[in-house]
Amino acid sequence: MPKREQLCQTNGIAISGNDIYAAGYETISGVNVAKYWKNGVATSLTNGSQSYQGTAIAVMGSDVYVAGYQTLSGFNRFTATYWKNGVANTVTATFSSQLFGVALVCP
């Protein structure tokens, strides 16, 4: 996890085998950077140019899924986003949307 002097929040946790995953964000220079941690080692999902948060995480095999959202400036609006293995996908909505959960269905 980040050092104590850094502001961060974890919102979801998953366990796969001996590995522990957590999803959340770290605030860097006033911008929320969506991240997940695997056994305490951070992986950034965004580059810090816009605010994002990770809210939930699930793991299936070698695939890591993180749910979250982007905060749009000025209007308290959000864009739902999920990442699969670090690749972002947005969920379009008419006005505002957020994701707070991930469910995986095994065949």
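Up top you'll find the structure we're talking about.
Rules of the game
Residues numbered from 1 in each chain as written. Predicted model: local features only at pLDDT ≥ 70, side-chain atom pairs only at ≥ 80, totals over all residues. Heavy atoms only, no water. Patch = residues over 30% accessible without salt bridge, like charges linked within 9 Å, V, L, I, M, F, W, Y side chains within 5 Å. Areas by Shrake-Rupley, 256 points an atom, 1.4 Å probe, with all protein chains shown as cover. Salt bridge = Lys/Arg side-chain N within 4 Å of Asp/Glu carboxyl O. Helix = DSSP H or I, 4+ residues; strand = E, 2+ residues; numbered from the N terminus. Phe/Tyr/Trp six-rings, centres within 6.5 Å; stacked < 30°, edge-to-face > 60°. Buried < 20%, exposed > 50% of the residue type's maximum accessible area, 1.4 Å probe, protein only. Pairing = 2+ DSSP bridges. Axes fitted to C-alpha atoms, helices over the stretch in contact; angles between N-to-C directions. Core = buried A, V, L, I, M, F, W, Y, C linked by side-chain atoms within 4.5 Å. Contact = heavy atoms within 4.5 Å.

Trainee: It is not clear to me how a nonpolar patch on the surface should be interpreted in this structure. Could you clarify?
Mentor: Taken together, the side chains of Ile13, Ile15 and Ile20 define a hydrophobic patch exposed on the protein surface, amounting to about 330 Å² of accessible area. Structurally, Ile13 can be placed in strand 1 (residues 7-16).

Trainee: What is the right way to look at the packing of aromatic side chains in this model?
Mentor: In this description, a pair of aromatic rings is defined by centroid distance and the angle of the planes. The final tally for this structure, using the stated rule, is three aromatic pairs. With centroids separated by 6.4 Å and ring planes inclined at 35°, the aromatic side chains of Tyr21 and Tyr36 adopt a geometry described as tilted. One end of the pair, Tyr21, is in strand 2 (residues 19-28); the other, Tyr36, is in strand 3 (residues 31-38), with 15 residues separating them in the sequence. An identical accessibility class is assigned to Tyr21 and Tyr36; each is buried. A ring pair is formed by Tyr69 and Phe78, whose centres lie 5.1 Å apart and whose planes are at 85°; its orientation type is edge-to-face.

Trainee: Can you walk me through unusual backbone geometry in this structure?
Mentor: Negative phi is the rule for most residues except glycine; trans is the rule for most peptide bonds. Residue Ser29 is not a glycine yet carries a positive backbone phi of 55°. Tracing the backbone through its elements, the reader meets Ser29 in the loop between strand 2 and strand 3. For Asn39, which is not a glycine, the phi torsion comes out positive at approximately 50°.

Trainee: Help me understand the sheet that holds strand 2, please; the structure alone is not making it clear to me.
Mentor: Backbone hydrogen bonds hold the strands of a sheet together, and the pairing may be parallel or antiparallel. The four strands are arranged 1-2-3-4 in an open sheet whose pairing can be described as antiparallel. The open sheet terminates on both sides in strands that have one partner only, identified here as strand 1 and strand 4 (41-44). Each strand of the sheet is rotated relative to its neighbour by a mean of 25°, with strand direction disregarded. Sheet topology places strand 3 next to strand 4; four bridges connect them, and they run antiparallel. By the bridge assignment for strand 4, Lys38 is matched with Val41.

Trainee: Looking at this model, I keep getting lost on the nonpolar core. Mind explaining?
Mentor: For soluble globular proteins, the rule of thumb is that nonpolar side chains tend to be buried together. Counting residues in hydrophobic clusters, the biggest one holds twelve residues: Ala14, Tyr21, Ala23, Ala34, Tyr36, Leu45, Tyr52, Ile57, Val59, Val64, Val66 and Trp83. Here this core takes three residues from strand 5 (residues 52-60), the largest share from any one element. Every residue in contact with Ala14, bar those within four places of it in the chain, is listed here: Asp19, Ile20, Tyr21, Ile57, Ala58 and Val59.

Trainee: Would you explain the pairing of strand 8 (residues 87-91) in this entry?
Mentor: The side chains of a regular strand alternate between the sheet's two faces. The pairing of strand 7 (residues 77-84) with strand 8 spans five bridges and is antiparallel. Counted as the bridge partner of Lys84 is Val87 from strand 8. Linking two consecutive strands that pair antiparallel, namely strand 7 and strand 8, is a turn of two residues; a positive phi of about 55° is found at Asn85 within it.

Trainee: I keep staring at the sheet that holds strand 5 and nothing clicks. Help me out?
Mentor: Here we have four strands laid out as an open sheet, ordered 5-6-7-8, and antiparallel in their pairing. The open sheet has two edge strands, strand 5 and strand 8, and neither has a second partner. Neighbour-to-neighbour, the strand axes of this sheet turn through a mean angle of 25°, independent of strand direction. Sheet topology note: the strand 5/strand 6 (residues 63-72) ladder contains eight bridges and is antiparallel. Of the residues in strand 6, the one forming a bridge with Ala56 is Ala67.

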